[in-house]
Amino acid sequence: MLCPLLAALLLPGLGCADGSACTEIGCEHEATVTFPAGLVTGAYTLVLEGERDTATARCLDPGNPETADNPVGLSCDGNGFVLEGLELANERELVVTVMPDDGDPFSTTVRLEAVDELTPNGPDCPPVCFVRNGQVRLGGP
């Protein structure tokens, strides 16, 4: 009984070393995908397709009312996009489609590599959340 109490009060985010109990701190998957420099220079629509989920966002267009419909947890700019807390952030691959207002649309598959694991309740306690990174690559592997 003392171990869970001490862990919760003194060491938030850590589980007990003896495995008797785990704290219940949650975490969310995160993913960052970068674009090649200069790939997009103006407003665009971003469509992300995973194995089980899809998301659409309006990017670099702050005056457009459609940006209010962007999914919570998806942010995008001219350098790429970030997913926080969305199931898409834990996919191994995403189909990324960019539809620029002033250019030709393109679509590519992006591999999301796990670069870190978050275990806020200790290494032997759930949940395990992943931080993933990927890059849009055009014209080659």
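Bear in mind the structure is a predicted one, so any value in this text is a computation, not a measurement.

Rules used in this analysis
- Residues numbered from 1 in each chain as written.
- Predicted model: local features only at pLDDT ≥ 70, side-chain atom pairs only at ≥ 80, totals over all residues.
- Heavy atoms only, no water.
- Disulfide = S-S within 2.5 Å.
- Helix = DSSP H or I, 4+ residues; strand = E, 2+ residues; numbered from the N terminus.
- Buried < 20%, exposed > 50% of the residue type's maximum accessible area, 1.4 Å probe, protein only.
- Pairing = 2+ DSSP bridges.

S.K.: Whenever I open this one, the state of the cysteines confuses me. Can you help?
M.R.: In a disulfide, the sulfur atoms of two cysteines are held together by a covalent bond. Applying the stated criterion across every chain yields a total of three disulfides. The disulfide that involves Cys22 links it to Cys125, with 1.9 Å between the sulfurs. Around the S-S axis, the bridge from Cys22 to Cys125 shows a dihedral of about -75° and counts as left-handed. Placement of the pair is Cys22 in the loop between α1 (2-10) and β1 (30-34) and Cys125 in the loop between β8 (113-118) and β9 (129-135), with a sequence separation of 103 residues. When its relative accessible area of 35% is taken as the criterion, Cys22 is described as partly exposed.

S.K.: Please explain the pairing of strand β7 (residues 106-111) as it appears in this structure.
M.R.: Look at any regular strand and the pattern is simple: side chains alternate between the two faces of the sheet. Residues Phe106, Thr108 and Val110 point to one face of β7 and are all buried, whereas Ser107, Thr109 and Arg111, pointing to the other face, are not buried. In this structure, strand β6 (residues 93-100) lies alongside β7, joined through six bridges in antiparallel fashion. Residue pairing across strands places Val98 opposite Phe106, the latter belonging to β7. Taking the residues that link successive antiparallel strands as the turn, the β6-β7 hairpin has five residues.

S.K.: Mind showing me how you'd approach unusual backbone geometry here?
M.R.: Only a minority of non-glycine residues have a phi that is not negative, and only a minority of peptide bonds are not trans. The peptide bond linking Pro126 to Pro127 adopts the cis configuration, its omega dihedral lying at -5°. Turning to its location among the elements, Pro127 is positioned in the loop between β8 and β9. Although it is not a glycine, Leu60 adopts a positive phi angle of roughly 55°. Owing to a relative accessible area of 37%, Leu60 belongs among the partly exposed residues under this scheme.

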